[in-house]
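Notes for the structure review
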Number of protein chains: 2
Amino acid sequence: MGLIRSWVESANAAECLFPLNNLPCGVFSTGESAPRCGVAIGDFVLDVAGLEAAGLLELDGGPLLDVPFWNEVMAAGPSVWAALRAQLQLILGEDADEHVRDECRFFMYELADVALHMPFRVSEYTDFYAGRNHAFNVGTMFRGPENALPPNWLHMPIGYNGRASSVVVSGSDVRRPWGQVKAPDQALPVFQPSRRFDIELELGAVVGMASEGPVTVAEAEAMIFGYVLLNDWSARDIQAWEYQPLGPFQAKATATTISPWIVMTAALEPFRTPTPARELPLLPHLQEPRPMLYDIALEVGLAPEGGPETIIARTNAAELYYSAPQQLAHHTTSGCAMNTGDLLGSGTISGPTKDSRGSLLELSWGGKEPFAIAGGSRSFIEDHDTLTLRGQCQGAGYTIGFGECTGKVLPALADPYAR
Amino acid sequence: MGLIRSWVESANAAECLFPLNNLPCGVFSTGESAPRCGVAIGDFVLDVAGLEAAGLLELDGGPLLDVPFWNEVMAAGPSVWAALRAQLQLILGEDADEHVRDECRFFMYELADVALHMPFRVSEYTDFYAGRNHAFNVGTMFRGPENALPPNWLHMPIGYNGRASSVVVSGSDVRRPWGQVKAPDQALPVFQPSRRFDIELELGAVVGMASEGPVTVAEAEAMIFGYVLLNDWSARDIQAWEYQPLGPFQAKATATTISPWIVMTAALEPFRTPTPARELPLLPHLQEPRPMLYDIALEVGLAPEGGPETIIARTNAAELYYSAPQQLAHHTTSGCAMNTGDLLGSGTISGPTKDSRGSLLELSWGGKEPFAIAGGSRSFIEDHDTLTLRGQCQGAGYTIGFGECTGKVLPALADPYAR
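About the criteria used
- Residues numbered from 1 in each chain as written.
- Chains lettered and ligands numbered in written order.
- Predicted model: local features only at pLDDT ≥ 70, side-chain atom pairs only at ≥ 80, totals over all residues.
- Heavy atoms only, no water.
- Pairing = 2+ DSSP bridges.
- Helix = DSSP H or I, 4+ residues; strand = E, 2+ residues; numbered from the N terminus.
- Axes fitted to C-alpha atoms, helices over the stretch in contact; angles between N-to-C directions.
- Contact = heavy atoms within 4.5 Å.
- Buried area = accessible area lost by both parts, 1.4 Å probe.
- Salt bridge = Lys/Arg side-chain N within 4 Å of Asp/Glu carboxyl O.
- Buried < 20%, exposed > 50% of the residue type's maximum accessible area, 1.4 Å probe, protein only.
- Least-squares fit on C-alpha atoms with pLDDT ≥ 70 in both.
- Domains from an automatic or database assignment.
- Nonpolar A, V, L, I, M, F, W, Y, C, P; charged D, E, K, R; others polar.
- Polar contact = N/O pair within 3.5 Å; in protein donor to acceptor, adjacent residues only side chain to side chain.
- 1 Å grid on protein atoms, 1.4 Å probe; cavity = no way out; pocket = protein on both sides within 12 Å on 5 of 7 lines; lining within 4 Å.
- Points joined across faces, edges and corners; volume = space filled by probe spheres on them.
- Arc of directions from axis to C-beta.
- Core = buried A, V, L, I, M, F, W, Y, C linked by side-chain atoms within 4.5 Å.

**Some thoughts on the sheet that holds strand S5 (residues 115-117) of chain A**
Residues and elements named next belong to chain A. Spatially, S4-S3-S2-S1-S5 is the arrangement adopted by the five strands of the open sheet, whose pairing is antiparallel. The sheet terminates laterally at strand S4 (108-110) and S5, the two strands that pair on one side only. Averaged over neighbouring strand pairs, the angle between their axes works out to 45 degrees when direction is ignored. Both strand S1 (residues 25-29) and S5 contribute to a ladder of three bridges, which runs antiparallel. Each bridged residue has a counterpart across the sheet, and for Ser 29 the counterpart in S5 is Ala 115.

Written out as structure tokens, the structure reads:
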């Protein structure tokens, strides 16, 4: 499938992230107006909440867009998701007549002029560890290459519950956290600002349909509404001291930034690709009935305050060992109920090469090998650095993009308890 | 302070769990009616939602009780919590005139006749590990007594994020989960029903007021609306295979049962008691400015299908090493936002003696020492067993109770994917 042409000319450019093939879901506001649901098309955002209110979009069970988040559409299921895309592709398609175009234009705003908000309400947030290279790299640093992968790693997608209240939209500043840390050569811990603050380059799966009880991998796939880019900010020094025996906690609770646009699974369909070859066979309930990863080129940029950005890593979502449907199926094995708005982070996506590692921990090999950026070097994030994730799928003559997932790190508070 | 006498005679009995001193918050329904907020008094539940609607209760910012959960009252803060108690103690007090009594009687239902529902909407659920004896027992089983406590344990309240969607109210049946397990002597894992299904006797703190950024222990205490009994059902065989390196996940996601009544902190005030002596000094931000535990006698009962109940453990909430305000303060150190409806499990509360252990894992020492119950013995839970937690504070001539926190374990599904 090639480009689906739109009468919105900017949407037809090969490098545009938001062609008619994409139609990602976000929440935007203009000036003093209240946030509302919108869809990106070319250089514009289309106010789909306004379209629905005006009767120009009709969704079963609607109105579903009269709230400033996509959860109601997400909960409505795949037939509504498909109907939404079909109607939008009709009214934005090059065959739309001038009357329809005029109606749409009334609900369009230049992307450059709008503010973007959280696209959905996060119910619960789970973070997986589904990248083989990342797990191997981190394990090697901590336990040596022979014991790098935990014994369970090749048998199931290991994950932990994160903190939904920490999830913020791209563009939100991130305050360097305080935390309890203890270096191996110290007798006692201290409470201080994190000195090893980091990113994790991840893909986030957004659960649309709720479930009760265990679901198969195929059922899990049908529950997923779409994907976001996700940066799981991580304080490595806090993590090292706290994570045994119950896993990461405060090290991961400062912030998790997501892209402002949810790319629906239908837009990713042409880029479906298999997981890497299994090194050990999976138990039947975790096997994929068909390819469930996506070929999404990913990159991480780091820009110091006032300085140019350096791309510090390039990799691909196809590097994941477990797909989101596998993660979600595993998540339900014990009977755990899943809800509309649950967010599943993939875990850090690293490639096999040094320049394809999705965290500074890996790029600087635990801080021992600082890496070069324009005009300097980095081991971990420094104050006022801006970190940006980008992701895109390359179609024949078109691109599917997520928009930037970016955040600037502010210095730690001088006294976190000053009032 | 002694008993506060009520004109509801059953509330004045020394052994009654719901005297006028208590006034715990629940959600109830009668017959076909919709669930609504109520407060327990003696043998009755008082329909406070109805009272507020009738203008007999007035809360700042109200109506706050026109929803079937306590979250709006919880979010309103300590002055509203105090006003609610003061008004109820007036209209239910022995000095209330006959007209007021008649108005109240119109809104009272016998406890024996009502169904109880989840008392609040759980935003996020965190489970701590704040019991010294439990951590020591489990650590001894896994690593020997020399390395029983993890190095960080005496320096901060270790915790992990649990799954809010798993929290259910007392009386809900619990289905034995399937999960991936691997015995040490097996080469490969298998997917099967849990054979080591267990309880954890815990106290749950219910967050009323939201926060952003780090809060002190004193501020944390003021945010807590009340406490519930909490049973963190745990599949030990699933846990053993999955928990490294990211902590418990599916082992804890089947169900977490809470008592139907939230006992407000004001009712627990007379039972305030200090944490045990610190074995190592805490960093300043985790120190308590005053005693913040409560003297709550706890017990666990186990009843096989059709058989009598055996009390398998008796302990006290004062055994905890870290109080809920300390847990909550630690939870916010990294800047983690807390919300109304967040639930903090204390971790298993075990006493120092064999008969005061709050989990079957400890009572049967990892299954190696089955313990006696009436007519049999147990290592872990068997199908159709009913497990019940109870808790009460003993005042001078009165009792503060939580009601039962109970659940019956149903057999695992024959095929969890059969549709």
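Next, the rest of the story.
**Considerations on the interface of chain A and chain B**
On the side of chain B, 58 residues touch chain A, which itself brings 58 residues to the contact. Between chain A and chain B lies a buried interface of about 5,400 Å² when both sides are counted; carbon and sulfur atoms form 58% of it. Its largest share of buried area at the contact with chain B, chain A owes to Arg163(A), Leu246(A) and Phe249(A), together 15% of the area lost on that side. Our enumeration of links across chain A and chain B arrives at six salt bridges. A salt bridge links Arg163(B) to Asp342(A); its shortest N-O distance comes to 2.4 Å.

**A look at unusual backbone geometry**
Residues and elements named next belong to chain A. Each neighbour pair has its own omega, and for Gly 62 with Pro 63 the value is 5 degrees, a cis peptide bond. Structurally, Pro 63 can be placed in the loop between helix H1 (48-53) and helix H2 (71-76). Residue Pro 245 is reached from Gln 244 by a cis peptide bond, and omega for that bond is 10 degrees. Position of Pro 245 among the secondary structure elements: in the loop between helix H7 (236-242) and strand S16 (256-258). We note that Leu 23 has phi near 55 degrees; this positive angle belongs to a residue other than glycine. Tracing the backbone through its elements, the reader meets Leu 23 in the segment before S1. Its relative accessible area of 1% is what places Leu 23 among the buried residues. The phi dihedral of His 384 is positive, around 75 degrees, even though this residue is not glycine. Summarising the element assignment, His 384 is placed in the loop between strand S24 (376-378) and strand S25 (386-394). Taking relative accessible area as the criterion, His 384 reaches 29% and is therefore assigned partly exposed.

**Side note on the relation of the copies chain A and chain B**
Laying chain A over chain B is done by rotating through 180 degrees and shifting 0.0 Å along the axis; what remains is an RMSD of 0.0 Å. Interpreted geometrically, this transformation is the action of a two-fold axis. By C-alpha distance to the rotation axis, the residue of chain A lying nearest is Gly247(A), at 2.1 Å. Looking at the interface residues of chain A, 100% of them are also at the interface in chain B, so both copies use one shared face.

**As for the sheet that holds strand S3 (residues 44-47) of chain B**
All names here are of chain B. Spatial strand order, S4-S3-S2-S1-S5: five strands in an open sheet with antiparallel pairing. In this open sheet, the two strands that pair with only one neighbour each are strand S4 (108-110) and strand S5 (115-117). Going from strand to strand, the sheet's axes swing by 45 degrees on average, the running direction of each strand aside. In terms of strand pairing, strand S2 (residues 36-41) meets S3 through four bridges, oriented antiparallel. Within the sheet, the bridge partner assigned to Ile 41 lies in S3 and is Phe 44.

**Notes on the domain arrangement of chain A**
Residues and elements named next belong to chain A. Splitting chain A by domain gives domain 1 (9-117) and domain 2 (125-410). The gap between the C-alpha centroids of domain 1 and domain 2 is 29 Å. In this assembly, 29 residues from domain 1 lie in contact with 26 residues from domain 2. Between domain 1 and domain 2 the total buried area reaches about 2,100 Å² when both faces are included, carbon and sulfur atoms providing 71% of it. Applying the counting rule to domain 1 against domain 2 returns zero salt bridges. Among the secondary structure elements, those contributing two or more residues to the side of domain 1 that touches domain 2 are S1, strand S2 (36-41), H2, helix H3 (78-92) and S5. Among the elements that make up the side of domain 1 that touches domain 2, the one with the highest residue count is H2 (five residues). Of the residues belonging to the side of domain 1 that touches domain 2, the class tally is 20 nonpolar, seven polar and two charged.

**Looking at the side chain of Asn21(B)**
All names here are of chain B. Structurally, Asn 21 can be placed in the segment before strand S1 (25-29). Of note is the side chain of Asn 21, whose polar atom sits 2.9 Å from the backbone nitrogen of Ile 4. Leave out the neighbours within four places in its chain, and Asn 21 touches Met 1, Gly 2, Leu 3, Ile 4, Arg 85, Gln 89, Ala 267, Tyr 398 and Ile 400.

**Topic: empty space enclosed by the protein**
One pass over the structure, following the stated rule, counts five cavities of 30 Å³ or more. Approximately 90 Å³ is the volume found for the largest cavity. In this structure, the largest cavity is lined by 14 residues; those nearest its centre are Leu203(B), Tyr227(B), Leu293(B), Leu320(B) and Ala324(B). Residue assignment for the lining of the largest cavity shows that the elements contributing at least two residues are strand S13 (201-207), strand S19 (293-294) and helix H9 (324-331) of chain B. With three residues, S13(B) is the largest single contributor of residues to the lining of the largest cavity. Its residues placed into classes, the lining of the largest cavity shows ten nonpolar, four polar and no charged. Leu203(A), Tyr227(A), Leu293(A), Leu320(A) and Ala324(A) are the residues nearest the centre of the second largest cavity, which is lined by 13 residues in total. The set of elements that each furnish at least two residues to the lining of the second largest cavity consists of strand S13 (201-207), strand S19 (293-294) and helix H9 (324-331) of chain A.

**Considering helix H4 (residues 98-105) of chain B**
Residue and element names in this part refer to chain B. Among the residues of H4, those classed as buried are Val 100, Arg 101 and Cys 104. Viewed along the axis of H4, the buried residues span an arc of 100 degrees, placing them on a single side of the element. Where H4 is buried, its residues touch S3, helix H3 (78-92) and S4. For H4, the N-terminal cap is Asp 97; the gap from its side-chain oxygen to the backbone nitrogen of His 99 is 3.1 Å.

**Here we look at the pairing of strand S21 (residues 310-316) of chain B**
Residues and elements named next belong to chain B. Of all seven residues in S21, five are buried; the element is thus mostly enclosed. Pairing of strand S20 (residues 297-303) with S21, which is carried by six bridges, proceeds in the antiparallel orientation. Within S21, the residue paired with Glu 299 across the bridge is Arg 314. Between the end of S20 and the start of S21, which pair antiparallel, lie six residues, with Gly 306 showing a positive phi angle near 75 degrees.

**A short note on the layout of surface pockets**
Where empty space is left becomes clear once a probe the size of a water molecule has been rolled over the atoms. All names here are of chain B. Its volume calculated, the largest pocket comes out at about 1,400 Å³. Within the residue set of the lining of the largest pocket, elements represented by two or more residues are strand S8 (167-169) and strand S9 (174-175). Of the residues that constitute the lining of the largest pocket, the class distribution is 26 nonpolar, 14 polar and eight charged.

**Side note on the pairing of strand S6 (residues 125-128) of chain B**
Residues and elements named next belong to chain B. Residue alternation in S6 divides its side chains into two sets, Tyr 125 and Asp 127 and Thr 126 and Phe 128, and both sets are buried. With three bridges joining them, S6 and strand S22 (residues 343-345) adopt parallel strand pairing. Bridge pairing in S22 links Thr 126 to Leu 344. Pairing analysis gives three bridges linking S6 to strand S7 (residues 159-161), with the strands arranged antiparallel. Note on S7: the bridge partner recorded for Asp 127 is Tyr 160.

**What to know about the nonpolar core**
Membership of the largest hydrophobic core comes to 76 residues, with the highest contact counts inside it found for Trp153(A), Tyr227(A), Trp233(A), Leu268(A), Ile296(A) and Ile312(A). Here the element with the most residues in this core is S13(A); it accounts for four residues. In terms of nonpolar packing, the next biggest core, distinct from the first, is built from 75 residues, Ala135(B), Leu201(B), Ala324(B) and Phe371(B) among them.

**A short note on the environment of Arg419(A)**
Its place among the elements puts Arg419(A) in the segment after strand S27 (405-410). With a relative accessible area of 64%, Arg419(A) lands in the exposed category. The contacts of Arg419(A), once residues within four sequence positions are left out, are Pro214(B), Val215(B), Thr216(B) and Glu219(B). Of note is the side chain of Arg419(A), whose polar atom sits 3.3 Å from the backbone oxygen of Pro416(A).

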